[in-house]
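# Observations on chain architecture
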Amino acid sequence: MTATTATPGTTARDRFEPALMRRKLTGTFFYGACIGAIGILFFALLMLLYDVLSRGLPWLDPDFISGVPSRRPERAGILPALIGSLQIGVIVGILTFPTGVAAAIYLSEYAKDNRLNRALRTNISNLSGVPSVIYGIFGLAIFVRALGFGFTLMAGALTLTLLILPVVIIASLEALKAVPDSQREGAYALGASRWQMVRGTLMPAAAPGIMTGIILAMARAIGETAPLILVGAFTFVTFLPNPIEGGYTVLPIQVYQWAGRPQPDFQGISAAAIIVLLVLMLVLNALALIVRIRLSRHIQW
Amino acid sequence: MSTQARPLNRVRPLSERVIEVLLLAAASVGVLTTIGIVGVLAFETFEFFREISPVEFFTGTFWSASIRPFAWGILPLVTGTLLVAFIALIFAIPLGLLSAVLLAEYASPRLRNVVKPVLETIAGIPTIVLGFFAINFVTPNLLKPIFQDDIGTFSALAGGIVVGLLITPLIASISEDAMSAVPRGMREGAYAMGATKWEVVRKVVFPAAISGIMASIILAMSRAIGETMAVVLAVGTNPQLTLDPRESIQTMTAFIVQISLGDTSQGSVQFKALFAVAAVLFTTTLALNLISNRIVSRFRTAY
């Protein structure tokens, strides 16, 4: 190797090595930048949690959970908002489950690959990109005004159902796609009709994925704020909501109302409400995990 | 897929057909929603344009919906929205792409188990919490020390930073998928030629995944433009035509929220303006989403 160099004294190795060092060094810098980026994100997340916890924890006591909103921060509580969020979550779950799963089953198992069905699919992926506040405007015009629900919790739940439906459908489609075709063929070989195949074979096999998708979508609905402002959740409510009549409010809106006030005490109870909201979402995420593990215990192919 | 497997029985009982119709009905809810959204926005926007000329709306540089004299030029809201979106992208593109490279190329399973949850948690935080973070942490602890008195309680910068944080996981996850889809053989070819890891990432993986990366950025921009709650708390309610990130501004989404908080009666100009602004917002985000889809399907390389 060394004998082939033209200039005496410098070997190919001598010329190559510094360049290689430089190239490797650039690589190390780049890797450092990658680690740095994730470090920044981790730090931001940590700061967010620290900020919320340090402001909110002193305000978080049983009276805060069981109390009703008040003009005085030290007496304010979040029970109406908490109940409102739970009711919204449950109603959205109940409405989304049949619709979302049925739509996914149609698109995945029944729909032929024609123009109409491709349009249905494209439409769903486009809907998932529509800003949530637009759903609020739709809810305001259709559910609140045209269909006469008024500013009720039901109008809010219906609006959020439409908002998360695309998410549920996409998650369910993924779950159905993951079931191997041999399962379908097996059911058909035993003489099952299409629906019998769907109900007896596909649904149990896709259940973990579908249920996880729905629970996570419910968590998203509970954290959603903007569309509910448009359908009337921004109200001062000191009573527990009734789904079909009267005012209602939800946790994120309560957070917004208090965060909009400059006094530090209101920022404190706003942070406390955030903690409750985050715990609620954490519970739902844990639930999704448990459901996934339990339902997929018997599945193996 | 399912098109290959078919039931053996050719005659379908009535119940089977009823079920299929029901399933189709469920699948059509999405279409009804789309028609509803477009219909509602179009109708009320048309009503709005009967009172306010479209020329004033699209070219006017003053916006005042709640304080007389009213002015209906949407440009301040548009520039406000774009300003926040661009600030967000300035933060989110490097952070998102670097995280994506880390996940797709460098990360050991152990590092992955740390990085993924961080991104997923950020993606799952309700956006109102990020708005809270903007006014209670970002502005007093990050921006005030840097800009001193040049920056107020509300600023486009504070909003842009938290929106950037919010869209980073989106860029990261889609770009990571695009990078992971680049076949191993291409990387190994480059390694065999003596390339270092960084060179493989820069000259092989990155160009091969560029369509997915572009799509993720456009999608993230659409998300930033449509983001509401993080922005409402952070940027203020001061629509003005400015590109100074330290200024308090108003975005289209923030205007929609502000108007719906007040006692705006149905049929008033303000109420119709709500729909007109929403129509602009809807059209913009839809266009961006379509472009993003287009890029993905157009430039998808089949390996």
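Residues numbered from 1 in each chain as written. Chains lettered and ligands numbered in written order. Predicted model: local features only at pLDDT ≥ 70, side-chain atom pairs only at ≥ 80, totals over all residues.

## Overview of the overall build of chain B
Our working definition: What counts as a helix is a DSSP run of H or I of at least four residues, what counts as a strand is a run of E of at least two, and both are numbered from the N terminus. Counting other C-beta atoms within 10 Å of a residue's C-beta gives its exposure: the residue is buried at 20 or more, exposed at 12 or fewer, and partly exposed in between, where C-beta atoms are placed from the backbone.
Regarding its fold elements, chain B presents 12 helices and 2 strands. Along chain B, helices and strands appear, N-terminal first, in the series α-α-β-β-α-α-α-α-α-α-α-α-α-α. Each of the three principal axes of chain B carries a C-alpha extent, and together these read 70 × 65 × 30 Å. Taken over 303 residues, chain B has a buried fraction of 49%.

## Some words on the overall build of chain A
The line we're drawing: With C-alpha atoms as the basis for the radius of gyration, the globule rule is written as 2.2 Å multiplied by the number of residues raised to the power 0.38. Distance between backbone-placed C-beta atoms decides contact: two residues are in contact if it is within 7 Å.
Within chain A, the secondary structure is distributed over 11 helices and 0 strands. Counting from the amino terminus, chain A carries its helices and strands in the arrangement α-α-α-α-α-α-α-α-α-α-α. Over its C-alpha atoms chain A spans a radius of gyration of 27 Å, topping by over 25% the 19 Å that the globule rule assigns to 301 residues. Along the first, second and third principal axes, the C-alpha atoms of chain A reach 95 × 70 × 40 Å. For chain A, the share of sequence-separated contacts (at least 6 apart) that also reach a separation of at least 24 residues comes to 76%.

## Things to note about the domain arrangement of chain B
Residues and elements named next belong to chain B. Stated formally: Domain delimitation in this document rests on an assignment produced automatically or drawn from a domain database. Each residue is assigned to one of three groups, with Ala, Val, Leu, Ile, Met, Phe, Trp, Tyr, Cys and Pro labelled nonpolar, Asp, Glu, Lys and Arg labelled charged, and all others, Gly among them, labelled polar.
Domains assigned within chain B are domain 1 (14–51) and domain 2 (74–299). The distance between the C-alpha centroids of domain 1 and domain 2 comes to 29 Å. With 7 residues of domain 1 at the interface, the matching set in domain 2 holds 8 residues. The residue makeup of the side of domain 1 that touches domain 2, split by class, is 3 nonpolar, 1 polar and 3 charged.

## A look at unusual backbone geometry
Residues and elements named next belong to chain B. We note that Gln-148 has phi near 55°; this positive angle belongs to a residue other than glycine. Structurally, Gln-148 is set in the loop between helix H5 (127–147) and helix H6 (156–180). Using a count of 8 C-beta atoms within 10 Å as the deciding quantity, one classes Gln-148 as exposed.

## Section: the environment of A:Leu278
Residue and element names in this part refer to chain A. One can find Leu-278 in helix H11 (residues 264–295). What makes Leu-278 buried here is the crowd of 21 C-beta atoms within 10 Å. C-alpha of Leu-278 to C-alpha of Ala-219: the two residues are 59 residues apart in sequence and 9.7 Å apart in space.

## Describing the interface of chain A and chain B
Each partner contributes to the interface: chain A provides 73 residues, whereas chain B provides 71 residues. A total of 19 residues in the side of chain A that touches chain B trace back to one element, the largest contributor, which is helix H1 (residues 12–56) of chain A. Considered class by class, the residues forming the side of chain A that touches chain B number 48 nonpolar, 15 polar and 10 charged.

## Concerning the confidence of the model for chain A
Here is the rule: Residue-level confidence of the predictor is summarised by pLDDT, bounded by 0 at the bottom and 100 at the top.
With 96% of its residues at a pLDDT of 70 or more, chain A has an overall mean of 88. Per-residue pLDDT stays below 50 along residues 1–5 of chain A; that stretch engages in 5 contacts with residues further than four places along the chain or on separate chains.

## A short note on helix H4 (residues 109–124) of chain B
All names here are of chain B. Our working definition: Given a helix with a known number of residues, its expected span is that number minus one, times 1.5 Å. As used here, the arc belongs to the directions running from the helix axis to the C-beta atoms.
For H4, with 16 residues, the first-to-last C-alpha span of 22 Å sits near the 22 Å given by 1.5 Å per residue. For H4, the complete set of buried residues consists of Val-115, Val-118, Leu-119 and Ile-122. Relative to the axis of H4, the buried residues are bounded by an arc of 90° and lie together on one face. Opposite the buried face of H4, by more than 90 degrees, sit the exposed residues Pro-109, Arg-110, Asn-113, Pro-117 and Glu-120.

## Focus on the domain arrangement of chain A
How big an interface is tends to be reported as the loss of accessible area on association of its parts. Residues and elements named next belong to chain A. Domain annotation of chain A identifies domain 1 (9–59) and domain 2 (63–295). Taking only C-alpha atoms, the centre of domain 1 and the centre of domain 2 are 38 Å apart. Each partner contributes to the interface: domain 1 provides 6 residues, whereas domain 2 provides 8 residues. Here the side of domain 1 that touches domain 2 is composed, by residue class, of 4 nonpolar, 1 polar and 1 charged.

## Observations regarding the packing of helix H7 (residues 184–192) of chain B against helix H8 (residues 197–208) of chain B
Residue and element names in this part refer to chain B. Basically, it comes down to this: Convention adopted: a line fitted to C-alpha atoms gives each axis, helices being fitted over their contacting stretch, and angles between N-to-C directions are expressed from 0 to 180 degrees. Roughly parallel means an angle under 35 degrees; roughly antiparallel means over 145; roughly perpendicular covers 65 to 115; every other angle is labelled oblique. The crossing is said to be left-handed when, going from far helix to near helix, the turn is anticlockwise and less than a right angle, and right-handed when the turn is clockwise.
At a minimum axis distance of 10 Å, the contact between H7 and H8 shows a crossing angle of 155°. The angle between the axes of H7 and H8 places the two elements in the roughly antiparallel class. As for the relative orientation of H7 and H8, their crossing is right-handed in sense. Contact residues: H7 offers Met-186, Arg-187, Ala-190 and Tyr-191, while H8 offers Val-200, Val-204, Val-205 and Ala-208. For the contact of H7 with H8, the class distribution of residues is 7 nonpolar, no polar and 1 charged.

## Considerations on the nonpolar core
The tendency in soluble globular proteins is for nonpolar side chains to be buried as a group. The cut-off we apply is this: Only buried Ala, Val, Leu, Ile, Met, Phe, Trp, Tyr and Cys residues enter a nonpolar core, and they are joined through C-beta atoms within 7 Å.
Judged by nonpolar contacts, the single largest core of 206 residues is most densely connected at A:Ile137, B:Ala134, B:Val162, B:Val277 and B:Ala278. Leave out the neighbours within four places in its chain, and B:Ala278 touches A:Ile134, A:Ile137, B:Leu41 and B:Ile256.

## With respect to the packing of H4(B) against H6(B)
Residues and elements named next belong to chain B. The interhelical angle for the contact between H4 and H6, taken along N-to-C directions, is 130°, at an axis separation of 8 Å. The angle between H4 and H6 falls in the class oblique. Of the two elements, H4 crosses H6, and the hand of that crossing is left-handed. When H4 is examined against H6, the residues Leu-119, Glu-120, Ile-122 and Ala-123 are found in contact with a partner set consisting of Leu-165, Thr-168, Pro-169, Ala-172 and Ser-173. For the contact of H4 with H6, the class distribution of residues is 6 nonpolar, 2 polar and 1 charged.

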